[in-house]
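Structural overview
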Amino acid sequence: NFYQSSMTNNKLISTVVVVVEKDKKFLKKCLLSLEKAAVSANIPLEFIILPNGTNLDEPAYLKSPVKIITLKDNIGFGTAVNLGIDQARGKFCIITCPDVITDKKCIKNLFQHTKNESVAIIGPKITDVNGQLQNTILPIPTLGQIFLEQSYLYKIFPRLLASPLSDKKLYSKSHYTDAVAAIWW
């Protein structure tokens, strides 16, 4: 068994941290897609699930190890993620939200970049259910970009001004960036 042999050989590579709030109805598809992608990439993982001010049953459908840290009160997304990371045993952490479905090739593709020790965070290209790209790459902004973003002028005049996050060239290939923002890190 892939899951048991990887755990007994201490080859745990990645920990998945998922904070669950009102979106728990999506959790099963999310976790199964991650597990399928991990098996496809031959990367053992564990799940740390944090029901944040909600109740959750043990996900018996998973073959990977699962740890549930129930938070009686909602302590906020960031604090819950940090609590999950503190409990992680894997060399790497995948942080995601319950409404995310991971492509079968995603983990394999992302883990190719873990060999470079100067990389601190890896973010995938993310699309919505309609296949539309979600803008998640955040270059260090210029003062002009900050003004456009904060004033929403790019929304008022979309033909004249582009969102600072909308440069599609940023998503055409793997590269270094200043920051990522999304629902899967």
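For every chain, the first residue of the written sequence is number 1, and numbering continues from 1 onward in sequence order. Only residues with pLDDT of at least 70 are given local features in this predicted model, and only at 80 or more are side-chain atom pairs given and counted; all residues enter the totals for whole chains, interfaces and linings. Side-chain metrics in this entry use all non-hydrogen atoms of the structure; hydrogen atoms and water are not considered.

Strands are runs of DSSP state E lasting at least two residues, helices are runs of H or I lasting at least four, and both sets are numbered from the N terminus onward. Helix and strand counts for the protein chain come out as six helices and six strands. Of the regular secondary structure in the protein chain, the N- to C-terminal order runs α-β-α-β-β-α-β-α-β-β-α-α. In the protein chain, buried positions account for 34% of the 185 residues. Whether two residues are in contact is decided by their heavy atoms, any of which lying within 4.5 Å being enough. Relative to all contacts within the protein chain whose residues are 6 or more apart in sequence, the contacts with residues 24 or more apart total 68%. Areas reported as accessible are Shrake-Rupley estimates using a 1.4 Å probe. Residue values count occlusion only from the protein chains shown. Here the protein chain displays about 11700 Å² of accessible surface, and carbon together with sulfur accounts for 54% of that area. Working definition: with a 1.4 Å probe on protein chains only, accessible area under 20% of the residue-type maximum means buried, over 50% means exposed, and in between means partly exposed.

Pairing of aromatic rings covers Phe, Tyr and Trp, the last through its six-membered ring, and needs centres within 6.5 Å; plane angles under 30 degrees mean stacked, over 60 mean edge-to-face, and all others mean tilted. Within the structure shown, the criterion is met by one aromatic pair. When the ring of phenylalanine 92 is compared with that of phenylalanine 111, the centres are 5.3 Å apart and the planes differ by 85 degrees; the resulting orientation is edge-to-face. Residue phenylalanine 92 is found in strand S4 (residues 92-96), and its partner phenylalanine 111 is found in helix H4 (residues 106-111); the two are separated by 19 residues along the sequence.

Attention shifts here to the confidence of the model for the protein chain. Mean pLDDT for the protein chain: 83, with 83% of residues reaching 70 or above. Note that residues 1-8 has pLDDT below 50 and, in this model, 15 contacts with residues that lie over four places away or in other chains. Think of pLDDT as the predictor's per-residue confidence, scored from 0 to 100.

Another aspect to go through is the nonpolar core. Ranked by size, the top nonpolar core spans 18 residues in total, and within it Val16, Leu31, Leu34, Phe47 and Ile107 carry the most contacts. Those elements that provide at least two residues to this core are strand S1 (14-20), helix H2 (27-41), strand S2 (45-51) and H4. Broken down by element, this core gets its largest block of residues, seven residues, from H2. Among the nonpolar cores identified, the runner-up in size contains nine residues, and Val17, Ile48, Leu50 and Ala80 belong to it. Nonpolar cores are built from buried Ala, Val, Leu, Ile, Met, Phe, Trp, Tyr and Cys residues. Side-chain atoms within 4.5 Å join them into one set.

Spatially, the four strands line up as an open sheet ordered S3-S2-S1-S4, and their pairing is parallel. Every interior strand has two partners, whereas the edge strands, strand S3 (66-68) and S4, have only one. Shown here is a sheet whose adjacent strand axes are inclined to one another by a mean of 20 degrees, direction ignored. Pairing analysis gives five bridges linking S1 to S4, with the strands arranged parallel. Across the sheet, the residue bridging to valine 17 is isoleucine 95, located in S4. Criterion used throughout: strands pair if DSSP finds at least two bridges between them. All axes are obtained by fitting lines to C-alpha atoms, using only the stretch in contact for helices, and the reported angles, taken between N-to-C directions, cover 0 to 180 degrees.

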